Amino acid sequence: MDNPFLVEVSRGHIVESRHRGSVAVVDAEGGTVLTLGDVERRVFPRSAVKALQALPLVESGIADKYGLTDEEIALACASHSGEPDHARVAASMLAKAGQNETCLECGVHWPMRDEAARALAASGEQPTQLHNNCSGKHAGFICLACGLGDDPKGYVKAQHHVQQTVRSALEDLTGASHTEDVSGIDGCSIPTYAIPLPALAFGFAKFGAGVGISPGCKSASDRIRKAVARHPFMVAGTGRFDTKLMEALGERAFVKAGAEGVYCAAFPELGYGIALKADDGGARAAEAMMAALVLRFLKLDDNERGVVEDLAQPVLKNWNGLEVGRIRVTRDLAA
């Protein structure tokens with residue numbers, strides 16, 4: 001089936017582009033709240049599940065063993081912009097486990113934030129693994145390996161104890177199989193598993209509400225969400241959607257972007273989990289979809305609503321700063 005058009009991009013008063021997508025909203029009992037499109041088609045959640053991947057680090061007690069701070073736990077859930085504070089906190093996590101950036105197997109790229117990349121280049125330095133947007137997640141994996149008494153070398157491989165532990169946590173939360181036949185390799189080299197959107201949403205509903213999971217998992221979920229709410233900058237960075245939304249809403253909403261137009265969220269006060277995908281992988285569409293769902297389901301005060309409405313229908317400007325159009329969701333998704 002063709003997924004519905006959920007996002008439109010206008011120029012003047014004319015729709016210039018449209019994005020198809022699919023959405024699943026599920027409660028913590030597994031009940032369907034909303035579905036749009038072909039939600040049973042498996043998708044790779046990619047970075048959207050980083051908070052779930054961080055659960056073993058916290059639930060095992062290893063985060064406490066190494067004295068990881070809320071700032072560091074938040075970074076373990078991040079797709080960060082590579083700004084100086086992101087790199088600093090990743091290095092601190094590694095040092096607490098007696099390691100350094102040379103053991104990170106995520107690869108090297110320039111900071112995602114242009115200003116950070118230019119500043120690094122202007123200083124004559126080259127990027128390191130610490131600037132990779134996944135360095136916090138990988139630092140968490142290394143802490144997990146060391147805390148379990150394992151050699152961290154090769155921790156990105158599916159057969160390593162770290163990835164087996166993480167895969168088990170994902171299966172427990174989502175109820176979906178994470179098997180080799182639905183696996184791929186993520187951009188940071190760890191395994192990624194394609195699952196249906198309702199299973200993904202169900203996992204985030206339980207992560208947010210603490211229902212249907214063990215007391216230890218509930219405690220770890222609560223701690224991760226609180227850490228992210230206290231340090232939303234660590235999860236993304238300056239001017240980024242996830243950071244701006246969670247700065248405005250705090251613990252009322254946990255949101256996390258994945259690659260290729262995937263987004264996940266938990267609304268703890270409602271017990272809802274959300275998973276969505278923009279078919280074409282467009283971040284602009286996925287962000288508008290997520291912001292529209294916040295407007296649809298959460299009761300917001302005037303300040304909160306102002307922030308979220310700006311994210312749901314951002315203004316498009318040209319190089320002279322003139323407003324030329326807008327991004328907006330269609331009636332299928334609007335509140």
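A brief structural summary. (Residues numbered from 1 in each chain as written. Predicted model: local features only at pLDDT ≥ 70, side-chain atom pairs only at ≥ 80, totals over all residues. Heavy atoms only, no water.)

**Examining the overall build of the chain**
Right, so step 1: Helix and strand content of the chain: 14 helices and 10 strands.
Right, so step 2: For the chain, whose C-alpha radius of gyration is 19 Å, the value lies close to the compact-globule estimate of 20 Å for 335 residues.
Right, so step 3: Within the chain, buried positions represent 56% of all 335 residues.
Right, so step 4: The long-range share in the chain, meaning contacts at least 24 apart out of those at least 6 apart in sequence, stands at 64%.
Right, so step 5: As presented, the chain carries roughly 13800 Å² of accessible surface, and 47% of it is formed by carbon and sulfur atoms.
Right, so step 6: Charged side chains in the chain number 35 positive and 42 negative. The centres of these two groups are separated by 2 Å. (Helix = DSSP H or I, 4+ residues; strand = E, 2+ residues; numbered from the N terminus. Rg over C-alpha atoms; globule rule 2.2 N^0.38 Å. Buried < 20%, exposed > 50% of the residue type's maximum accessible area, 1.4 Å probe, protein only. Contact = heavy atoms within 4.5 Å. Areas by Shrake-Rupley, 256 points an atom, 1.4 Å probe, with all protein chains shown as cover. Lys, Arg positive; Asp, Glu negative; His and termini not counted. Charge placed at Lys NZ, Arg CZ, Asp CG, Glu CD.)

**As for the environment of Pro56**
Right, so step 1: With respect to the helices and strands, Pro56 occurs in helix α2 (residues 55–59).
Right, so step 2: Spatially, the C-alpha atom of Pro56 lies 32 Å from that of Ala285, the residues being 229 residues apart in sequence.
Right, so step 3: Pro56 has contacts with Leu144, Thr165, Val166 and Ala169, leaving out every residue within four places of it along the chain.

**Examining the pairing of strand β10 (residues 323–329)**
Right, so step 1: In this sheet, β10 lies alongside strand β1 (residues 5–11) in antiparallel orientation, the contact comprising 5 bridges. Across the sheet, the residue bridging to Ser10 is Arg326, located in β10.
Right, so step 2: Sheet analysis places strand β9 (residues 315–317) next to β10, joined by 3 bridges and oriented antiparallel. Looking across to β10, one finds that Val315 is bridged to Arg326.
Right, so step 3: Where β9 folds back onto β10 in an antiparallel hairpin, the turn is made up of 5 residues, including Gly321, whose phi is positive at roughly 80 degrees. (Pairing = 2+ DSSP bridges.)

**Some words on the packing of aromatic side chains**
Right, so step 1: Under the definition given, this model contains 6 aromatic pairs.
Right, so step 2: Each ring, one from Phe204 and one from Phe207, has its centre 5.9 Å from the other, and the planes form 75 degrees; the classification is edge-to-face. Of the two residues, Phe204 and Phe207 are both situated in helix α9 (residues 197–209); the distance of 3 residues between them amounts to about one turn of the helix. Note on accessibility: Phe204 and Phe207 belong to one class, buried.
Right, so step 3: Ring geometry for Phe204 against Phe254: centres 6.3 Å apart, planes inclined by 15 degrees, an arrangement best described as stacked. Of the two residues, Phe204 is situated in helix α9 and Phe254 in strand β6 (residues 254–257); the sequence distance between them amounts to 50 residues. (Phe/Tyr/Trp six-rings, centres within 6.5 Å; stacked < 30°, edge-to-face > 60°.)

**Structural notes on the nonpolar core**
Right, so step 1: Of all hydrophobic cores here, the largest spans 109 residues; its most connected members are Val23 and Phe207.
Right, so step 2: In this view, Phe207 contacts Ala51, Leu52, Leu55, Leu173, Ser221, Ile224, Arg225, Phe254 and Ala266; residues no more than four positions away in its chain are not counted. (Core = buried A, V, L, I, M, F, W, Y, C linked by side-chain atoms within 4.5 Å.)

**A short note on empty space enclosed by the protein**
Right, so step 1: Scanning the model with the defined rule gives 3 cavities of 30 Å³ or more in all.
Right, so step 2: In this structure, the largest cavity spans a volume of roughly 110 Å³.
Right, so step 3: If you go around the largest cavity, you meet 14 residues; those closest to its centre are Gln53, Leu170, Pro191, Thr192 and Tyr193.
Right, so step 4: Broken down by secondary-structure element, the contributors of at least two residues to the lining of the largest cavity are α8 (161–174) and β5 (191–193).
Right, so step 5: Of the residues forming the lining of the largest cavity, the biggest block, 4 residues, is contributed by α8.
Right, so step 6: For the lining of the largest cavity, a count of residues per class yields 7 nonpolar, 4 polar and 3 charged. (1 Å grid on protein atoms, 1.4 Å probe; cavity = no way out; pocket = protein on both sides within 12 Å on 5 of 7 lines; lining within 4 Å. Points joined across faces, edges and corners; volume = space filled by probe spheres on them. Nonpolar A, V, L, I, M, F, W, Y, C, P; charged D, E, K, R; others polar.)

**Some thoughts on the layout of surface pockets**
Right, so step 1: Considering only enclosed or pocket space, the largest pocket measures out at about 400 Å³ in volume.
Right, so step 2: Around the largest pocket sit 29 residues that line it, and Ser79, Met112, Ala257, Gly258 and Ala259 are the ones nearest its centre.
Right, so step 3: For the lining of the largest pocket, the secondary-structure elements that each account for two or more residues are α12 (241–249), β6, β7 (262–267) and α13 (283–297).
Right, so step 4: Sorting elements by how many residues they give to the lining of the largest pocket places α13 first, with 3 residues.

**What to know about helix α14 (residues 302–312)**
Right, so step 1: Taken as a whole, α14 has its buried residues at Glu304, Val308, Leu311 and Ala312. Buried positions in α14, seen along its axis, are confined to an arc of 100 degrees and lie on one side of it. Residues Asp302, Asn303 and Asp310 are exposed on α14 and point more than 90 degrees away from its buried face.
Right, so step 2: On its buried face, α14 sits against α12, α13 and β10.
Right, so step 3: One side-chain oxygen at the N-terminal end of α14 lies 3.1 Å from the backbone nitrogen of Asn303; it belongs to Asp301. (Arc of directions from axis to C-beta. Polar contact = N/O pair within 3.5 Å; in protein donor to acceptor, adjacent residues only side chain to side chain.)

**Observations regarding the pairing of β7**
Right, so step 1: Of all 6 residues that make up β7, 6 are buried, and the element is covered over most of its length.
Right, so step 2: Burial along β7 is two-sided: the residues Val262, Cys264 and Ala266 and Tyr263, Ala265 and Phe267 are all buried.
Right, so step 3: Pairing geometry for β6 and β7, over 4 bridges, is antiparallel. Looking at the pairing, Ala257 lines up with Tyr263 of β7.

**So, the environment of Ser183**
Right, so step 1: Examined against the element boundaries, Ser183 turns out to sit in strand β4 (residues 183–185).
Right, so step 2: Between the C-alpha atoms of Ser183 and Tyr193, which are 10 residues apart in sequence, the distance is 4.4 Å.
Right, so step 3: Within polar-contact distance, the side chain of Ser183 engages the backbone oxygen of Glu180 at 2.7 Å.

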